[in-house]
Amino acid sequence: MNRKWSVVAVAGLLAMAGCSSDLPADTGTPGTTGAAKDAGAKSEFFDQARYERQLKFRSTTPEGPADKPWEQMISPELVDTAKYAKPGGGYHLCFSNASVDNPWRQVGFKTMQEEVKLHPEITKFTVLDAEAKDDKQISDVQSFASQGCSALIVSPNTTATLTPAIEAACKTNVPVIVFDRGVNSTCPVTFIHPIGGFAFGADGAEFLKEKVKPGGKVLALRILPGVDVLEQRWAAANEIFAGSELKVVGVEFTDGDAAKTKTIVGDYLQREGQIDGVWMDAGATAVAAVEAFQDAGVPIPAFVGEDQQDFLRLWADEKMTAVAPTYPTYQWRTPVIAALKILNGRQVPKEWVLPQPKVTQDTLQDFLKQDMPPLHYAMCGCESMPGYPAPWK
Amino acid sequence: MSVVHEKIELTTGATRRRARRISLTPTVTVYLALVALLVAGSVLVGLNGGVLLDQGGILNILTRSTVLGLVAVGQTIVIITGSLDLSVAYLVGLCSLVAAQTMAGSDGMIVPGVLLALGVAAVVGLVNGLVVTVLKVNAFIATLGVALILRGYLEQNYTGPAGSVPRAFQHLGFDRVGPIPIGVLLMLLVAAAAWFYLKRTRPGYHTYAVGGDVDVARLSGVRTGRTIVTAHVLCAVAAGLAGVFLASRLGSGAPYVGTDAGYDLESIAAVVLGGTALAGGRGGVVGTIGGVLILATLDTIFDDLAVDPFFKDVVRGIVLIVAVALYARRKLTRRSA
Amino acid sequence: MNAPTTWRPRLADGTAPVLAVLAVLLVALAFAGPAYAEPAGYLALLKRAAPLVLLAIGQYFVIVSGGFDLSVGSLVTAEVVIAARLIEGDDANTVWVIALLLGFGLLVGLVNGLVTTKLLVPSFIVTLGMLLILDGAVFLWTGGAPRGALSPSFRVFGRGGVDLPVLGLLPWSVVILLAVLVAAVLFMRGGTGRTLVAVGDNEDAVRLAGGRVDRLKVLAFALSGLLAALAAILLGGFAGVSAQVGQGLEFRAITAVVLGGVLLGGGRGSVVAAAAGALTLESLFSLLNLLGVAGALESAVQGVIIIAAVAYASLGVTARLKSRAARTPEPARP
C-alpha cells in the first residue's frame, strides 16, 4: 500500500517538476566506449604502439629549461587556449585529489601546495580529497561546478570511472587539467604525465638484462594487480625478460606490505637457493626485499628500486648494484604552472609529457639527502623551492 | 513533495508506536543531533566565508548519502535480527560489475543487467543466511568468510573497471527531480519499503522478535531460520542496488568500489549511530537514514572547512563511540527509573 | 614443537582438531618445500608467525570474555609509526621508546575496556571507533606518511636472535613468543583466567558469585593492547617502517582465534588452541605459497576454511550436546 503510493507519487512528481540532468550531453567522445575497450583488454595490458612510443620518448630531448624538468615537455603538440584567457590574477584554483594515502602522493601534494605559494596571482586554492573513493570524487568534481573556480585540476582515482564526471566539468567552460592518471576523453585542455609505465618497467628490466648473467634467476615483485600504470610497468618488463636469457622464477604480489615482501623473498631464497636479480614495479618495499637477502646471509643481487630515500641510502651504504626508475613527484608542480599558462592565454601541449629520469650509480649521490625522511621521494624537484626542506620533513 | 510526505508518514508512524514511552527515543535524538550539526556546521562554514546549505551544499549531502544509505538500510534489517553482514562491501563491487558487463553498453540489456545483478546479490545473501542458520556459523565469521571468497573471485577475475552501461542508464546516477537527485529518491524509496516491511508486516515483526530473543521467538512459533535468511537476502539485495546505482554513476563496474569506501564497517557504524542496537531487536531504518545523513553532513562540513582527511577519521570514531554511549546511558537511566 | 600427544585432554573442547590440522600442515610443508626438511625452516616459520600468534593470544583474552577487539590492526600501525618518529634512528632512544610503546598499548586497551564496561558500549563499536581514531590520529600527527626511522637496536627483536649451541640461531621473536605463551597458559590455568572464561560464559552468574566482571573485562582489553604493542615491536623490527604494517591484522587475528575453536561470544576455548590457530593460518599461507597457488585464491581459501572450521565446531558441539541432552543446559546466546 505504502510502497505503491510512493511510486505513484514519485511518478507524478517527475512529470510535474520536469527533469533536470547533470549528465553530460553525448558528444561522441569515447567516454563509455573507452571503458568497454579497457574491459576487453583487461588481461592484455601490453600495447605495442604505446610501448614503442614510450621507449622512444626516453631518448627524445625534451623542450624547455633543462634545470626545470617539471616545465619541460616531450614532443609537444601545442593547443591554443585564448578562449580561457582571464588575465589580471585573482585566480581561484580548484583541485580534486584522488587521495593522500601513500608517501608518493604526500610528497607530491606538499610540492603542489608549495608551488601554489610561489604564485601571488593565485588568491584561493581549494582542495577536495576523495579519500580513494571514486563516487566521492565524482561528487567532488560536481560540487566544484558551483564554487567559481578559475581552473580545475583533477588527479583521477580511476581512469574509466571518472571520465563521465570530468566530461561534465569540461562543459562548464572552466579549463580542466588532468594529471597522473588520465581519463578516456579528450575534453581536458591538457593531460600532464611523465613518460609512463612502459618506460618505467623497461628501465628496470633492461638494467637486469645487462647486469645479470645469462640464465640467472630473476624474481619479480609487484604491488597489486589491476592498476593500469602498474600493469604497464610489468607488461614492459615481461616483454624484455621474454626476449632475454633471464629466467623469471616468480611473479608475486606484495600488497605493498613490507613484512609480506620479506616473507616472499625469504621463501624464494629457500626454494630457489639463489636469486640473481630482483625487479619491482614500485620501490615502496624495496628495502624490505633487500633486508631479506641480508637476513639470509647471502649477497644482495642486482636490484630495481625507486627513488625513495631509504632505498637510496641502503644502495649507497651496501654498495649495491642497483637502479631506481622514477615516477617523478615533480609532476605535481606542472598542473599549477599549466593552469596559469592557460589563464594567461598561452599555449600548452594537449598531452604534456614530462621527462622521466632514472637514478643510476652515477647520479646516486645527487639524489641522496641524508636529512630527509626515509620515505621521501628524491625526484620531487623541490630542493630549490623557498620553504625547503621544512614542509617535506 | 512526495519525499516530504513520506518523511512525515515515517515519523508519525514511529511516534505512534512509541507514544507511551519517553519522547526522546534514539530516532528523535538522531534527528535533533542532525539539526544541531547543520546549525553548528552552517555557523562554522559561515565564519570561514562559505555557505553550507546552499543548493550545492544540500546536493552534496544528499548525493553522499545515497550509496551508504542503500547499504545501511539493508544492514539495519540484518542487525535487527541480531546478525550482521561484513560481505556487503565486496558485494557492491561485484554487483556493479555484473550490471555493467551484462548491459555492455546496450539499452536493451538495462533491465536484464539490473535483474541479474540483484539476482546475484540475492544468491549471496541466501548463502550468508544459510551459513548462519543451517551451518550455525556465527554471523561475523560467516559473512567475513563469504567476503573473503568474493574478494578471491574479484581478484582472480578482474584487474580494474570492466563493462559499460548505456547512456540511458546513466540518467539514474546523474539526473535530478528539482533539487533532489534520483538516486536519493531511490534510496528513500528503499528505506520506505524497508520501514513498511519491518513495521507493518508479519515477517517484519518476526525480525524484531528474533533479534530480541531467538529462543523466545522460536518457542512462540516464529520460524527463526527463515526470518534470518530473509533478512540476509534483503540486506544483500539492498547492497546489490547500491552496486547497480554505482555502475550507473561510474559508467562501468569497478571491483573495489565498495571496499575502497569501506561500506562494510561504515554501514554498521551508520546503523548503530542511528540508534539500532547491535545486539538486535531494537531500532529501525528511520534512525539509520538519520545516521547516514549525519555522516554525510560531517563529510561536507569538513570539506568546506578544508579539514585534513585524517582528522575526519578521528571525529568519526569519537562520534560513533559517544553516540552509542549516550543511547546506552539513556537505556540505563530508564531501567533504573 | 607442540606435538599433539603431549597435551592432556584437560584442555578445553576444540583444541585437539586444530592441533591435528596443524600437524598435518607441518608435515605437508616438509613434503612441499626442501627448506622444511630441517629445523631451521620451521624456526623461520615460527619467527614469521610470532606477531600473529601474539595478537591471537591477546584477541583470545577479549573473545573468551565475550568481546571483540577490532582496534589491534590500527594499533600495530600506530605503534610502529610512533616508534619511528620518536627513535629517529638513534639507538639511545630505543629503551624508553619501547617502554612508551608498551605503555601506549596498555592505555589503548584500558580505554577500550573502560568504555565497554563503564559506558556500556558494545566492544565491537568501541574498538571500531578506536580503529578510526588511531588510524586518523597517528597520521594527523606525522603529516600523512611515516617519518623518522627505527634504530638497529630496536630492530634486533624482530630481525636478530641468540646463538645457541644445538639449535643454531634462535630468533628473539621466537623466544618472546614462547615466554608469552607459557605466561598465558599459566594465567589461564589460574583463578583469574578461569573466571575470565566464566565471564564470557555467563556474566550474571559470575557477578552474583561475587566476581569482579568489569575489572576482568578491562584486564582482557588491556592485555590485548599490550600484546598488540609487543607484536608491533616484532613486526617493525622484522620489516621496518611502513604505513600498512597493521592492515587487516584484526580480522586475521580473529580468524586465527576462531580457527582454534574458540567460540565467538565467549565462554569456550583454550589459549593454546588460539595460538595454534594463528600458527595454522600462517602454515597454510606458507603451504599455499610453496604449492604456487595464486595470491588471489589465498583469500578465497581462507574464507572457506574459517566457515568450515566454525561450522565443524558448532555442528559438532550441537551434536554432542544433543547426545548428552539435559546434563548441562546450554546458556542462551545470540
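These numbers come from a predicted model, not from an experiment. In every chain, residue numbers begin from 1 and rise along the written sequence. Written order determines the labels here, with chains lettered from A and ligands numbered from 1. A pLDDT threshold of at least 70 governs which residues receive local features in this predicted model, and a stricter bar of 80 or more applies before side-chain atom pairs are shown or counted, although totals over entire chains, interfaces and linings include all residues.

## Considerations on the packing of helix α4 (residues 94–118) of chain C against helix α10 (residues 213–239) of chain C
All axes are obtained by fitting lines to C-alpha atoms, using only the stretch in contact for helices, and the reported angles, taken between N-to-C directions, cover 0 to 180 degrees. Helix numbering and strand numbering both begin at the N terminus, where a helix is a DSSP run of H or I of at least 4 residues and a strand a DSSP run of E of at least 2. Two elements in contact, α4(C) and α10(C), have axes separated by 7 Å at closest approach and are oriented at 145 degrees. Crossing of α4(C) over α10(C) shows right-handed handedness. Throughout, a crossing is termed right-handed when the near helix is turned clockwise from the far one, and left-handed when it is turned anticlockwise from it by less than a right angle.

## Brief notes about the sheet that holds strand β9 (residues 247–253) of chain A
Residue and element names in this part refer to chain A. Pairing between two strands requires that DSSP report at least two bridges joining them. Strand order in the open sheet made by the six strands is β9-β8-β10-β11-β12-β15, with mixed pairing throughout. Whereas interior strands pair on both sides, the edge strands pair on one side only; in this sheet they are β9 and β15 (358–359). As paired strands, strand β12 (residues 322–325) and β15 are joined by two bridges and run antiparallel to one another. Bridge pairing in β15 links Pro325 to Lys358.

## Side note on unusual backbone geometry
Each neighbour pair has its own omega, and for Tyr388(A) with Pro389(A) the value is 0 degrees, a cis peptide bond. Look at Asp180(A): it is not a glycine, yet its phi comes out positive at around 70 degrees. Structurally, the position occupied by Asp180(A) is in the loop between β6 (176–179) and β7 (190–194). The phi dihedral of Ala306(B) falls on the positive side, at around 55 degrees, and the residue is not glycine. In this fold, Ala306(B) is placed in the loop between α14 (285–304) and α15 (309–336).

## A few points about the environment of Arg147(C)
With respect to the helices and strands, Arg147(C) occurs in the loop between α5 (123–142) and α6 (152–159). Buried, partly exposed and exposed are defined by the number of other C-beta atoms within 10 Å of a residue's own C-beta, namely 20 or more, between the two limits, and 12 or fewer respectively, with C-beta atoms placed from the backbone. The buried category is assigned to Arg147(C), around which 21 C-beta atoms lie within 10 Å. Separated by 74 residues in sequence, Arg147(C) and Phe221(C) have C-alpha atoms that sit 29 Å apart. The residues touching Arg147(C), leaving out its near neighbours within four places in the chain, are Pro373(A), Ala84(C), Arg85(C) and Thr142(C). Contact between residues is assigned whenever the C-beta positions, reconstructed from backbone atoms, fall within 7 Å.

## Topic: the sheet that holds β6(A)
Pairing between the strands of a sheet comes from backbone hydrogen bonds, and it takes one of two forms, parallel or antiparallel. All names here are of chain A. Spatial ordering of the open sheet is given by β4-β3-β5-β6-β7-β14, a layout of six strands whose pairing is parallel. Since the sheet does not close on itself, it has two edges, and those belong to β4 (122–129) and β14 (351–354), each with one partner. Within the sheet, the average angular offset between the axes of one strand and its neighbour, ignoring direction, is 20 degrees. Across three bridges, the pairing between β6 and β7 is parallel. When the sheet's bridge partners are listed, Ile177 is paired in β7 with Thr190. Here helix α5 (residues 134–144) sits on the sheet and contacts β3 (91–97), β4 and β5 (151–155); the angle it forms with β3, its principal contact strand, is near 165 degrees.

## Structural notes on the packing of α6(C) against α10(C)
Residue and element names in this part refer to chain C. At a closest axis distance of 6 Å, the pairing of α6 and α10 adopts a crossing angle of 100 degrees. Between α6 and α10, the interaxial angle falls into the category roughly perpendicular. Along its contact with α6, which presents Phe154, Arg155, Val156, Phe157, Gly158 and Arg159, the element α10 presents Ile233, Leu234, Leu235, Gly236, Gly237 and Phe238. Of the residues in the contact of α6 with α10, the class split is seven nonpolar, three polar and two charged. In what follows, roughly perpendicular refers to angles from 65 to 115 degrees, roughly parallel to angles under 35, roughly antiparallel to angles over 145, and oblique to any angle outside these ranges. Three categories are distinguished: nonpolar for Ala, Val, Leu, Ile, Met, Phe, Trp, Tyr, Cys and Pro, charged for Asp, Glu, Lys and Arg, and polar for the others, with Gly belonging to the last.

## What to know about the interface of chain C and chain B
Listed per partner, the contact involves 39 residues of chain C and 42 residues of chain B. Mapped onto the side of chain C that touches chain B, the elements with two or more residues apiece are α5, α11 (249–259) and α13 (295–323) of chain C. Across the side of chain C that touches chain B, the residue classes tally to 30 nonpolar, eight polar and one charged.

## Thoughts on the environment of Leu170(C)
Residues and elements named next belong to chain C. Tracing the backbone through its elements, the reader meets Leu170 in strand β2 (residues 168–171). Between the C-alpha atom of Leu170 and that of Lys47, which follows or precedes it by 123 residues, the distance is 9.1 Å. Leu170 has contacts with Gly161, Val162, Leu164 and Val175, leaving out every residue within four places of it along the chain.

## Some words on the pairing of β5(A)
The two faces of the sheet receive side chains in turn, since in a regular strand these alternate between them. All names here are of chain A. With five of five residues buried, β5 is to be regarded as a mostly interior element. In this sheet, β6 lies alongside β5 in parallel orientation, the contact comprising three bridges. Bridged to Leu152 within β6 is Val176. For the handedness criterion, the β-α-β arrangement of β5, helix α6 (residues 159–170) and β6 is classed as right-handed. Looking down the strands as they point away from the viewer, one classifies a crossover as right-handed if the path from the first strand across the helix to the second runs clockwise.

Purely geometric numbers; function is a separate question.
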